[in-house]
Amino acid sequence: MVDAKVIVMEPSDSQARTLEAVLKFLDLSPVRFHDLAELGRKTEGAHDWLALIVGAETIAREGPELVARLRALAQPLPVIYLSSDGLPKIAESSGDLAWLHLELPVKQRRLSAVLNQAQNVRNGHPTQPGTYRFRPSGTSGALRAIHRLVEQVAPFDTNVLILGESGTGKEMVARHVHELSGRSGHPFVPVNCGAIPADLLESELFGHEKGAFTGALSTRVGRFEFAEGGTLFLDEIGDMSLQMQVKLLRVLQERTFERVGSNRTIDCNVRIIAATHRDLDAAIIAGRFREDLFYRLNVFPVQMPPLRERLEDLPILIEHLLCRQGQNSGRHIRLDKSAMHCLARNRWPGNVRELANLLERLAILYPDQTISAGDLPERYRAGETAPFLGGDVRVLSGEMSTEPLLLRAAADEEDDEEEQADSFASCEGLDEDPAVESALQNGGINLKDHLSAIEIGLIRKALEKADGTVAEAARLLNMRRTTLVEKLRKYRLCA
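Residues numbered from 1 in each chain as written. Predicted model: local features only at pLDDT ≥ 70, side-chain atom pairs only at ≥ 80, totals over all residues. Heavy atoms only, no water.

### A short note on the packing of helix α6 (residues 141-153) against helix α7 (residues 170-180)
The relative placement of two packed helices is expressed as an angle between their axes plus a distance between the axes.
Inference 1: Where α6 meets α7, the axes come as close as 9 Å, and the angle between the chain directions of the two elements is 40 degrees. The orientation of α6 relative to α7 falls into the category oblique. Between α6 and α7 lies a crossing whose hand is right-handed. Contacts between α6 and α7 pair I146, V150 and E151 from the former with V173, H176, V177 and L180 from the latter.
Inference 2: Class assignment for the residues of the contact of α6 with α7 results in five nonpolar, one polar and one charged. (Axes fitted to C-alpha atoms, helices over the stretch in contact; angles between N-to-C directions. Helix = DSSP H or I, 4+ residues; strand = E, 2+ residues; numbered from the N terminus. Parallel < 35°, antiparallel > 145°, perpendicular 65-115°, else oblique. Left-handed = near helix turned anticlockwise from the far one by under 90°. Contact = heavy atoms within 4.5 Å. Nonpolar A, V, L, I, M, F, W, Y, C, P; charged D, E, K, R; others polar.)

What follows is the structure, encoded as structure tokens:
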């Protein structure tokens, strides 16, 4: 990668100078382009270009033309997107290009890791790290926070512990960390510690010599050796026996191990990412998990949210899963709005895995058809007439399009004040209500509870009149849809 040329398209002179300085320090040759014409003219036929670093302002102004010019090149360049947020929307529609994210402010170690990924792409490495094959789908606040954590920790060799319920996508996050790291050109090796018997797990992890035990007919290389230079993913670490926990702790401390039946020490250069659905704090108290191992693994914890806490991601998740399923099986199905209503009302105890299994089942039963609420298994039809709060889903020309609704963590204060003022204005004449007057004369009235009861009644009437459509009910109540959604959650009318 030494002396390779890196194109910098960044309108900010100070930012461009910073990038050029870091690139030169890494023994690369930065070349600043000021317009797209240079991109096609100066890169045509050249093979020593490594990547294109482009800022958010350039993408916002000239994104489509930039993508077209990159596609016209004999060997399209990896695009390193420079921003304080994630990848731009245009990256989703141009998946044939390799997109990588470089977070602001630019750090040398992170830039070096991203450039290594770009080198893998240019070399035709089969993992194609720039395509983010394992990036979890969704735009919810919870998932955006996960993406930020992953991008922060990926360039380092820090141990990562991923916590969360079964089916939330812990292995996908682990693979995403690996893809974004400087180890992406080396193996990612997963091991399910709960699926391997305790007496065989040591051999599985460290390997064994011929004759080390009954049935060891030949020497076997363990997962640690397979993962050399890359990442070892220890799934369901909470199910590992105490005896194996001691041996794993030694490897983490010494970075060496021995095969079963051997006294030869083998050096170990792997990154450890562990995951579990169990409560490790409770396991430590119960004596089922070693506290010292926990602290070794829990250097950088990542808590995966269950699907029921990010239902606003449901349309994007379904679209992504249906697309992937169609590519793999050739069976293409679509979900109409009534089906989406039902799915948005479920609690999804099996999380994303349960959703993926349901869609696969529907594709087998109804290949190349549009799925409605009546086609769903009975357990998923409970919310057939309920309003869908996770987003609007339309079927246009036979294709499903989604407009995800980002539920706000808290309603905008100014909007709330205006709407409260409108509520008070609409309550003129309440003092003429005999029940209110009687309550005031006999010990008083709880104004907050009384106004809440009025608000709940009006919301229910509006939803009834709008046939459960949240957007229409919000129009009838002269408020924003997102504000109405918050009130539905506040009063638990959407449970």
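There is more to say, and it comes next.
### Re the sheet that holds strand β6 (residues 160-163)
Inference 1: In space, the five strands of this open sheet follow the order β7-β10-β13-β6-β14, with parallel pairing throughout. Of all strands in the sheet, those bounded by a partner on one side alone are β7 (188-192) and β14 (300-303). Here the strands of the sheet are splayed against their neighbours by 20 degrees on average, with no regard to which way each runs.
Inference 2: Here α6 sits on the sheet and contacts β6, β13 (271-276) and β14; the angle it forms with β14, its principal contact strand, is near 160 degrees. (Pairing = 2+ DSSP bridges.)

### A short note on the sheet that holds strand β2 (residues 29-32)
Inference 1: Overall, parallel pairing links the five strands, which are arranged β2-β1-β3-β4-β5 in an open sheet. One side of each edge strand has no neighbouring strand; the edge strands of this open sheet are β2 and β5 (99-103). Strand-to-strand twist in this sheet, taken as the mean axis angle between neighbours without regard to direction, amounts to 25 degrees.
Inference 2: The pairing of strand β1 (residues 5-9) with strand β3 (residues 49-55) spans five bridges and is parallel. Looking across to β3, one finds that M9 is bridged to V54.
Inference 3: In this fold helix α3 (residues 56-72) packs onto β1, β3, β4 (79-83) and β5, with an angle of close to 145 degrees to the strand it touches most, β3.

### Some words on the nonpolar core
Inference 1: Residues L205, F224, L234, I237 and F289 are the most contacted members of the largest nonpolar core, which totals 33 residues.
Inference 2: Of all elements in the fold, only β6, β7, α8 (198-206), β10 (231-235), α10 (242-254), β13, α11 (280-285) and α12 (291-297) reach the threshold of two or more residues within this core.
Inference 3: No other element matches the five residues that α10 contributes to this core.
Inference 4: For L205, the contacting residues outside a window of four places in its chain are V191, G222, R223, F224, L234, M240 and M244.
Inference 5: In this structure, L307, L317, V352 and L359 belong to the second largest nonpolar core, which totals 25 residues. (Core = buried A, V, L, I, M, F, W, Y, C linked by side-chain atoms within 4.5 Å. Buried < 20%, exposed > 50% of the residue type's maximum accessible area, 1.4 Å probe, protein only.)

### Points about the packing of aromatic side chains
Inference 1: Using the criterion set out here, one finds seven aromatic pairs in the structure.
Inference 2: Ring plane angle 65 degrees and centroid distance 5.8 Å describe the contact between F33 and W49, whose orientation is recorded as edge-to-face. With a gap of 16 residues between them, F33 in the loop between β2 and α2 (36-43) and W49 in strand β3 connect regions that are remote in the sequence.
Inference 3: Overall, the relative accessible area of 2% leaves F33 in the buried class.
Inference 4: Consider the rings of F224 and F257, whose centres lie 5.7 Å apart with planes at 40 degrees: the pair is tilted. Linking F224 in helix α9 (residues 223-226) with F257 in strand β11 (residues 256-257), this pair joins segments that are 33 residues apart in sequence.
Inference 5: Judged by its relative accessible area of 1%, F224 is buried.
Inference 6: A cation sits over an aromatic face here: K5 above W49, 5.1 Å from the ring centre. (Phe/Tyr/Trp six-rings, centres within 6.5 Å; stacked < 30°, edge-to-face > 60°. Lys NZ or Arg CZ within 6 Å of the ring centre and 35° of its normal.)

### Some points on the packing of α8 against α10
Inference 1: Orientation of α8 relative to α10, taken along the N-to-C sense of each, is 15 degrees, at an axis distance of 10 Å. Considering their axes alone, α8 and α10 lie roughly parallel with respect to each other. Seen from above, α8 lies across α10 with left-handed handedness. Contacts between α8 and α10 involve A198, L201, E202, L205 and F206 from the first element and M244, K247 and V251 from the second.
Inference 2: Its residues placed into classes, the contact of α8 with α10 shows six nonpolar, no polar and two charged.

So yeah, pure geometry; function would need other evidence.
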